[in-house]
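# Observations on the three-dimensional arrangement
Each chain is listed here by its residues.
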Amino acid sequence: ESKLPHLDWQQVLNRISQSMPADVWLDRISFQDARTAALSGASYSDGGVYDFVEYLKQVPDIAEIALEGTGVGQGTTGPTTSFNLQLTLAALAGSNEKEGKHD
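Everything in this summary refers to the structure shown in the same document.

Thresholds, definitions, all that
Residues numbered from 1 in each chain as written. Predicted model: local features only at pLDDT ≥ 70, side-chain atom pairs only at ≥ 80, totals over all residues. Heavy atoms only, no water. Helix = DSSP H or I, 4+ residues; strand = E, 2+ residues; numbered from the N terminus. Buried < 20%, exposed > 50% of the residue type's maximum accessible area, 1.4 Å probe, protein only. Contact = heavy atoms within 4.5 Å. Salt bridge = Lys/Arg side-chain N within 4 Å of Asp/Glu carboxyl O. Core = buried A, V, L, I, M, F, W, Y, C linked by side-chain atoms within 4.5 Å. Pairing = 2+ DSSP bridges. Axes fitted to C-alpha atoms, helices over the stretch in contact; angles between N-to-C directions.

Turning to the environment of Gln 74, a few remarks are in order. Locating Gln 74 in the fold gives a position in strand S3 (residues 62–75). Here Gln 74 falls in the exposed class, since its relative accessible area comes to 63%. Residues Gln 74 and Tyr 44, spaced 30 residues apart in sequence, show a C-alpha to C-alpha distance of 9.2 Å. Each residue touching Gln 74, except ones within four places of it in the same chain, is listed here: Pro 79 and Thr 80.

Here Ile 62 shows up in strand S3. For Ile 62, a relative accessible area of 2% corresponds to the buried category. The spatial distance from the C-alpha of Ile 62 to the C-alpha of Thr 88 is 6.0 Å, given a sequence separation of 26 residues.

Once that is clear, we can look at the pattern of salt bridges. Within this structure, the stated rule accounts for two salt bridges. Arg 15 is paired through a salt bridge with Asp 61; the nearest N and O atoms lie 2.8 Å apart. Of this pair, Arg 15 sits in helix H1 (residues 9–18) while Asp 61 sits in the loop between helix H2 (46–56) and S3, placing them 46 residues apart in sequence. Between Glu 54 and Lys 57 there is a salt bridge, with its nearest N and O atoms 3.1 Å apart. Assessed through its relative accessible area of 42%, Glu 54 is described here as partly exposed. Lys 57 sits in the partly exposed class, given a relative accessible area of 36%.

The tendency in soluble globular proteins is for nonpolar side chains to be buried side by side. Ile 16, Leu 39, Phe 52, Leu 56, Ile 62, Leu 85 and Leu 87 are the most contacted members of the largest nonpolar core, which totals 16 residues. Looking at this core, the elements that each hand over two or more residues are H1, strand S2 (36–43), H2 and strand S4 (78–89). Setting aside residues no more than four positions away along its own chain, Ile 16 makes contact with Leu 26, Ile 29, Leu 39, Phe 52, Leu 56, Ile 62 and Leu 87.

Spatial ordering of the open sheet is given by S1-S2-S4-S3, a layout of four strands whose pairing is antiparallel. At either end of the open sheet lies a strand with only one pairing partner, and these are strand S1 (24–31) and S3. Going across the sheet, the axis of each strand differs from the next one's by a mean of 15 degrees, ignoring polarity. One ladder, built from eight bridges, connects S2 with S4; its direction is antiparallel. Of the residues in S4, the one forming a bridge with Ser 43 is Thr 81. Strands S1, S2, S3 and S4 of the sheet are contacted by H1, whose axis makes an angle of about 150 degrees with S1.

Scope: geometric values only; no functional claims are made or implied.
Spelled out as structure tokens, the structure:
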């Protein structure tokens, strides 16, 4: 256990939630391991999904993000755009920076 990477999960979740535009919501978030996560949710606009992806690119805990797909749905107040994202979390070896230091 002491050799496993440690991550401040509360900080990661806070940063993800603070990156969400007002018209975006998450239906599911899952962490496959300490390095990858999957998000699925929806927005009332295509722009909301793409804004969310752009905001997530600024989160220091996320090294890579891939929009794996979008779809069309219907919410109680109108049409929605669903999405699936795959995240690769930044290196956990004592660094909170997106890129590792090079010697």
